[in-house]
Amino acid sequence: MSIADNLKNVRLRIQKAAKNAGRGETDIHLLAVSKTRSPDEIRALHELGQKAFGENYVQEALDKLPALADCSIEWHFIGPLQSNKSRAVATHFDWVHSVDRLRLAERLSQQRPANLGPLNICIQINIDNEESKSGIALSELESLAQQIAALPQLRLRGIMAIPDPDQEASSLAQSFANLKSAFDQLKSLHPEVDTLSMGMSDDMECAIAEGSTQVRIGTALFGPRPPKP
Ligand SMILES: *Cc1c(COP(=O)(O)O)cnc(C)c1O
């Protein structure tokens, strides 16, 4: 399968899932997750019309970005972020999906170059309370959101989560539904909030059925990832 076929298939899956949920296809944005992918692979997908790409590792992204400087790509940082790497992310990315503490948000706001405009922020929720995952509990969302919304160089856009993939379909759907309720509540307090970032290659249909506005897709676009060296 070529990357063009993969993109077509992913768009079809989004379209079908949206239709089944009685939603418009354009309500769901596609973020292409390009961790471990070469600049050439990213460029090929970009040339097919894909604009938004997500990266997980700061150094890997910094190594690849120069080769793609001529592409009008919207870069999303979606991996765990150490505070000592916040400046690079504030400088080179348009979005951060993995904000999980005030200190990090404050640094990103301070370090965001003023000429770039505000950095778009999603707060990461650890929806299934997994030891191995970053993110805050839903009970902490309202207060962190309020603090982030007050920071001058950030724009609060929504929430991101990675539910535990090893749970039954019904509890996975419940996790997505709980995120959707939290998103709706957050939107009522912060009208600028418009992004519910949930759903990956294996669970995008379920996430869209429950209200996702942005799916983050790697494998279904680029094929299986090579093992990490
Ligand atoms: C890798 C990754 C994805 C994409 O996962 P696939 O299963 O390859 O689609 C999405 N979100 C995050 C945060 C990731 O790290």
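That block above? That's the structure.
Quantities reported herein were computed from a predicted structural model and do not represent experimental measurements.

K.L.:
Sorry if this is basic, but what is going on with the overall build of the protein chain here?
P.N.:
Scanning the protein chain from terminus to terminus reveals 9 helices and 8 strands. A globule of 229 residues ought to have a C-alpha radius of gyration of about 17 Å, and the protein chain, at 17 Å, matches this closely. For the protein chain, the share of sequence-separated contacts (at least 6 apart) that also reach a separation of at least 24 residues comes to 58%. Surface exposure of the protein chain reaches about 10900 Å², of which carbon and sulfur atoms provide 49%.

K.L.:
Just to check I follow, could you spell out the pairing of strand 2 (residues 52-55) for this structure?
P.N.:
Moving residue by residue along a regular strand, the side chains alternate between the two faces of the sheet. Burial along strand 2 is two-sided: Ala52 and Gly54 facing one way and Phe53 and Glu55 facing the other are all buried. Strand direction decides the pairing type here: strand 1 (residues 29-33) and strand 2, joined by 2 bridges, are parallel. Across the sheet, residue Val33 finds its bridge partner in strand 2, namely Gly54. For the segment spanning strand 1, helix 2 (residues 39-47) and strand 2, crossover handedness is right-handed. Judged from the 4 bridges that link them, strand 2 and strand 3 (residues 74-77) form a sheet pairing that is parallel. Bridging across to strand 3, Ala52 finds its partner in Glu74. In terms of handedness, the path from strand 2 via helix 3 (residues 58-64) over to strand 3 forms a crossover that is right-handed.

K.L.:
What is the right way to look at the side chain of Asn120 in this model?
P.N.:
Position of Asn120 relative to the elements: it lies in strand 5 (residues 119-125). At a separation of 2.8 Å, a polar atom in the side chain of Asn120 contacts the side chain of Arg157.

K.L.:
Any chance you could explain the site of the ligand here in plain terms?
P.N.:
Near the ligand you find Val33, Lys35, Asn56, Ile78, Ile162, Met200, Ser201, Arg216, Ile217, Gly218, Thr219 and Arg225, and these make up its full shell. Between the ligand and Asn56 there is a distance of 2.7 Å, counted from an oxygen atom to a side-chain nitrogen or oxygen. Within the side chain of Thr219, a nitrogen or oxygen atom sits 2.5 Å from an oxygen atom of the ligand. Within the complex, the protein chains bury 91% of what would otherwise be the 390 Å² of accessible surface of the ligand. Assessed atom by atom at 2 Å from the grid points, the ligand resides in the largest pocket.

K.L.:
Before we go on, may I ask you to explain helix 7 (residues 169-189) in this structure?
P.N.:
Note that an α-helix has 3.6 residues per turn; residues three or four places apart therefore point the same way. Over its 21 residues, helix 7 extends 31 Å from the first C-alpha to the last, a length consistent with the 30 Å expected when each residue adds 1.5 Å. Within the span of helix 7, buried status applies to Leu172, Ala173, Ser175, Phe176, Ala177, Leu179, Ala182, Phe183 and Leu186. On its buried face, helix 7 sits against strand 5, helix 6 (141-149), strand 6 (154-161), strand 7 (195-197) and helix 8 (204-209).

K.L.:
Please clarify how the nonpolar core should be interpreted in this entry.
P.N.:
Looking at soluble globular proteins, one finds that nonpolar side chains tend to be buried together. Counting 60 residues, the largest nonpolar core has Leu108, Ile123 and Ile159 as its most contacted members. In terms of residue count, the dominant contributor to this core is helix 7 (6 residues). Discounting residues that sit within four places of it in the chain, Leu108 has contacts with Leu81, Ser86, Val89, Ala90, Val96, Val99, Leu119, Ile121 and Leu154.

K.L.:
Any chance you could explain the layout of surface pockets here in plain terms?
P.N.:
Taking a probe equal in size to a water molecule and rolling it over the atoms shows the remaining empty space. By volume, the largest pocket amounts to about 660 Å³. Forming the walls of the largest pocket are 25 residues, and the residues nearest its centre are Lys35, Ile162, Met200, Arg216 and Arg225. Taken together, the residues that form the lining of the largest pocket break down as 11 nonpolar, 8 polar and 6 charged. Space inside the second largest pocket adds up to approximately 310 Å³. Arg11, Ile28, His29, Leu30 and Gln50 are, among the 13 residues lining the second largest pocket, the residues nearest its centre. Only helix 1 (3-20) and strand 1 provide two or more residues apiece to the lining of the second largest pocket. Across the lining of the second largest pocket, the residue classes tally to 4 nonpolar, 5 polar and 4 charged.

Cut-off values and rules
Residues numbered from 1 in each chain as written. Predicted model: local features only at pLDDT ≥ 70, side-chain atom pairs only at ≥ 80, totals over all residues. Heavy atoms only, no water. Helix = DSSP H or I, 4+ residues; strand = E, 2+ residues; numbered from the N terminus. Rg over C-alpha atoms; globule rule 2.2 N^0.38 Å. Contact = heavy atoms within 4.5 Å. Areas by Shrake-Rupley, 256 points an atom, 1.4 Å probe, with all protein chains shown as cover. Buried < 20%, exposed > 50% of the residue type's maximum accessible area, 1.4 Å probe, protein only. Pairing = 2+ DSSP bridges. Right-handed = clockwise from strand over helix to strand, strands pointing away. Polar contact = N/O pair within 3.5 Å; in protein donor to acceptor, adjacent residues only side chain to side chain. Near = heavy atom within 4 Å. 1 Å grid on protein atoms, 1.4 Å probe; cavity = no way out; pocket = protein on both sides within 12 Å on 5 of 7 lines; lining within 4 Å. Sits in = over half its atoms within 2 Å of the grid points. Expected span 1.5 Å × (residues − 1). Core = buried A, V, L, I, M, F, W, Y, C linked by side-chain atoms within 4.5 Å. Points joined across faces, edges and corners; volume = space filled by probe spheres on them. Nonpolar A, V, L, I, M, F, W, Y, C, P; charged D, E, K, R; others polar.

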